[in-house]
Amino acid sequence: MLLGWIVVLFALAHLEVFPLSTMTLVTVFFTGFGFLLCTYIGFKRGELFLFYVFGPVSVFTLGFPMMNFLAKAGIMPAPTPDEIGWFFCIFALWIIALAFVTLKTPVRSETIAFFLAGILFFIGGLIPITGEGDLLNPIFGVLGLITGLLLIYIGYAIAYNFVAGKQVLPLMIRPVKK
């Protein structure tokens, strides 16, 4: 759910509902600690998928705002558009690689969400690299809303189904072949 929330914030900023300012960056930064905690829990429990998903997400959510905070504080120069773009593109490649891993899990909605997120962050990387924000910002915004809302739905559906003790909200679960 947190990941969906961050994606929706990025999408709304790209749709120019509000600027990508301190409020959004602080929110992204502090959720990074939650993802870092998930990484640690995954490591301690031996759940490699959890570890490999939330590790890079925590690096992204802690690193992206810090680039901006450190530059504003005068501690380091502001990142160039190419640096920001490649930061997003490399993160996108990681997410797409994980999407292929999710093909082995029974939850199809998870696979769809990962592929959408990978495409989304790749588009997000192209914006600063190409300078085509007028064309790509609306695409990023709409795709970001779809992806973010799907991620939020998946989180709520998993939680609700767990509490209900049965599948009430659909997650596109396929039968597991043994």
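Every chain is numbered on its own, with residues counted from 1 as its sequence reads. Only residues with pLDDT of 70 or above have their local features reported here, since the model is predicted, and side-chain atom pairs are shown and tallied only from 80 upward, although totals for entire chains, interfaces and linings are computed over all residues. Think of the side-chain values as coming from all heavy atoms in the structure, minus any hydrogens and water.

A. How the structure looks around the overall build of the chain. Each helix is a run of H or I in the DSSP string that is no shorter than four residues. Each strand is a run of E no shorter than two, and both are numbered from the N terminus. Along the backbone of the chain there are six helices and zero strands. Secondary structure elements of the chain occur, N-terminal to C-terminal, as α-α-α-α-α-α. This radius of gyration counts C-alpha atoms alone. The globule rule is 2.2 Å times how many residues there are, raised to the power 0.38. Whereas a compact globule of 178 residues would reach a radius of gyration of roughly 16 Å, the chain reaches 17 Å, a difference of no more than 12%. Overall size of the chain, expressed as C-alpha extent along the three principal axes, is 55 × 35 × 25 Å. Counting every position in the chain, which comprises 178 residues, the buried fraction comes to 40%. Contacts between residues were defined by any pair of non-hydrogen atoms, one from each residue, lying within 4.5 Å. The long-range share in the chain, meaning contacts at least 24 apart out of those at least 6 apart in sequence, stands at 64%. Each accessible area is a Shrake-Rupley estimate made with a 1.4 Å probe; only the visible protein chains count as cover when residues are assessed. Carbon together with sulfur atoms contributes 75% to the accessible area of the chain, which is approximately 10000 Å² in total. Here the chain contributes 9 positively and 7 negatively charged side chains, and the mean placements of these two sets differ by 26 Å. Burial classification: accessible surface area is computed with a 1.4 Å probe over protein chains only, and a residue below 20% of its type maximum counts as buried, one above 50% as exposed, and the rest as partly exposed. Note that His is not counted, nor are the chain ends; the positive residues are Lys and Arg, and the negative ones are Asp and Glu. In plain terms, the charge of a residue is placed at NZ if it is Lys, CZ if Arg, CG if Asp and CD if Glu.

B. Highlighting the packing of helix H1 (residues 2-14) against helix H2 (residues 22-45). Note on method: axes are straight lines fitted to C-alpha atoms, helices fitted across the in-contact stretch only, with angles between N-to-C directions ranging 0 to 180 degrees. At a minimum axis distance of 10 Å, the contact between H1 and H2 shows a crossing angle of 160°. As judged from the angle between their axes, H1 and H2 are roughly antiparallel. The hand of the H1/H2 crossing is left-handed. Each of Leu 2, Leu 3, Trp 5, Ile 6, Leu 9 and Phe 10 in H1 lies in contact with H2, whose residues at this interface are Thr 24, Thr 27, Val 28, Thr 31 and Phe 35. Note on angle classes: values under 35 degrees are labelled roughly parallel, values over 145 roughly antiparallel, values of 65 to 115 roughly perpendicular, and the remainder oblique. It is the rotation of the near helix from the far one that decides the hand of a crossing: anticlockwise by less than a right angle makes it left-handed, clockwise makes it right-handed.

C. Inspection of the packing of helix H5 (residues 108-130) against helix H6 (residues 133-164) at higher detail. Closest axis-to-axis distance for the H5/H6 pair is 9 Å, and the angle between their directions is 155°. Between H5 and H6, the crossing angle belongs to the class labelled roughly antiparallel. Viewed along their axes, H5 and H6 form a crossing whose handedness is left-handed. When grouped by side-chain class, the residues that make up the contact of H5 with H6 number 17 nonpolar, seven polar and one charged. Put simply, Ala, Val, Leu, Ile, Met, Phe, Trp, Tyr, Cys and Pro go in the nonpolar bin, Asp, Glu, Lys and Arg in the charged bin, and everything else, Gly too, in the polar bin.

D. Expanded view of the environment of Glu 110. Tracing the backbone through its elements, the reader meets Glu 110 in helix H5. The sequence separation of Glu 110 and Leu 151 amounts to 41 residues, and the corresponding C-alpha distance is 8.1 Å. Leave out the neighbours within four places in its chain, and Glu 110 touches Phe 49, Thr 102, Thr 105 and Ile 154.

E. Expanded view of the packing of aromatic side chains. Ring pairs are drawn from Phe, Tyr and Trp, using the six-membered ring of Trp, whenever the two centres fall within 6.5 Å, and their geometry is named by plane angle: stacked under 30 degrees, edge-to-face over 60, tilted for the rest. Enumeration over the complete set of coordinates arrives at 21 aromatic pairs. Ring centres of Phe 29 and Phe 69 lie 6.2 Å apart, and the angle between their planes is 75°; this geometry places the pair in the edge-to-face category. In this pair, Phe 29 sits in helix H2 while Phe 69 sits in helix H3 (residues 48-72), placing the two residues 40 residues apart along the sequence. Judged by its relative accessible area of 14%, Phe 29 falls in the buried class. With a centroid separation of 6.0 Å and 5° between ring planes, the pair formed by Phe 60 and Phe 64 is classed as stacked. Of the two residues, Phe 60 and Phe 64 are both situated in helix H3; the distance of four residues between them amounts to about one turn of the helix. One exposure class covers both Phe 60 and Phe 64, and it is buried. One aromatic cluster is present, formed by Phe 10, Phe 60, Phe 64, Phe 87, Phe 88, Phe 91 and Phe 121 through successive ring pairs.

Spatial relationships are all this shows, so hold off on functional conclusions.
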